[in-house]
Amino acid sequence: MLYALCFTVNSEANTKRIAFVEQCFGSSGQPLAISNRALIGEGVLLKMCRKKLKPRQFFLFSDILVYGNIVISKKKYNKQHIMQLDNMRLQSLPDDDINSLYNGWQIISPSKSFTIYAATLNEKMEWMAHINHCIYALVTKHGSKSSVLDPSPVWIPDSEANACMHCQRSEFNVINRRHHCRKCGIVCCKTCTSKRWLLPQQSSKPLRVCLTCFDKLSAQSNPMIVTRVPEGNYGNKETAGNYANADTSGEDTSDSDSGTVDEKSDGPTTFYEGSNRR
């Protein structure tokens, strides 16, 4: 089944909706109005961040998925993120009765992967169906875009690790902070993520990786390299010098809340006329 997108793309209503989304993100957001792009739907979903679930406003377009922090519900958003649909896949999650987590699924892509939850099962199925049909429509029109890049990992939440998941010895506290491996997503101590590697699909700067992933990446880059490089050296020797004095912490600040953020925002998901499956 395909989307009936023609009405939505060519309508004045679609143009106004996209312009309003741009207005809500303000100057901090990127332009969203391009030819043959339709706004399929929008709504608030709970995104699993490092410490807890947080509401985020999501906008599904015919070729991209956009989300951001809610500053004022339906009026102002910040920290805009844009994800391409043609290299994205979805994975449904079973309900978690122990932690009272229901109606969840994972969005997996080379640039970023994470878990989100809908308010109801019907809302989850609607979101997944619309995203998957947009992906199918893109592949049908432009052909398969099989990426040679590995997908980014879904980070394990901080709450699931009281000790380093790499060495399994270092316990976390106020001083001994948690860090995530950007290659596999586990929670590690500072020592076990002391190495960096350039993962261009995620960042232009070298990012934290655990020692195991560093060894694997080093071996893949040069089969003759089977040991860890000295502290301060980074993966991809051609670009290491460019980052010698750069901030390579790799800490993800995209889920932090700056200013006044509406954490209680709620509202029904809306999928617009012309985007119905048929």
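So, a few notes on the structure that sits alongside this text. (Residues numbered from 1 in each chain as written. Predicted model: local features only at pLDDT ≥ 70, side-chain atom pairs only at ≥ 80, totals over all residues. Heavy atoms only, no water.)

## Observations concerning the pattern of salt bridges
Logical step 1: The tally for this structure, following the rule as stated, stands at five salt bridges.
Logical step 2: Taking the shortest distance from any N to any O, the salt bridge between glutamate 12 and lysine 16 comes out at 3.2 Å. One end of the pair, glutamate 12, and the other, lysine 16, are both in helix α2 (residues 12–25), four residues apart, so they sit about a helical turn from each other.
Logical step 3: Given the relative accessible area of 54%, lysine 16 is considered exposed.
Logical step 4: The partner of aspartate 63 in a salt bridge is arginine 37, and the shortest N-O contact between them spans 2.8 Å. In this pair, aspartate 63 sits in the loop between β2 (53–61) and β3 (64–72) while arginine 37 sits in the loop between α2 and β1 (39–48), placing the two residues 26 residues apart along the sequence.
Logical step 5: Aspartate 63 sits in the buried class, given a relative accessible area of 17%.
Logical step 6: Look at the salt bridges and you will find they share partners, linking Arg50, Lys51 and Asp158 into a network. (Salt bridge = Lys/Arg side-chain N within 4 Å of Asp/Glu carboxyl O. Helix = DSSP H or I, 4+ residues; strand = E, 2+ residues; numbered from the N terminus. Buried < 20%, exposed > 50% of the residue type's maximum accessible area, 1.4 Å probe, protein only.)

## As for the side chain of aspartate 158
Logical step 1: Here aspartate 158 lies in the loop between α3 (121–142) and β8 (179–180).
Logical step 2: Aspartate 158 gets classed as buried once you look at its relative accessible area, which sits at 7%.
Logical step 3: Apart from the residues lying within four places of it in its own chain, the contact partners of aspartate 158 are Arg50, Lys51, Arg178 and His180. (Contact = heavy atoms within 4.5 Å.)

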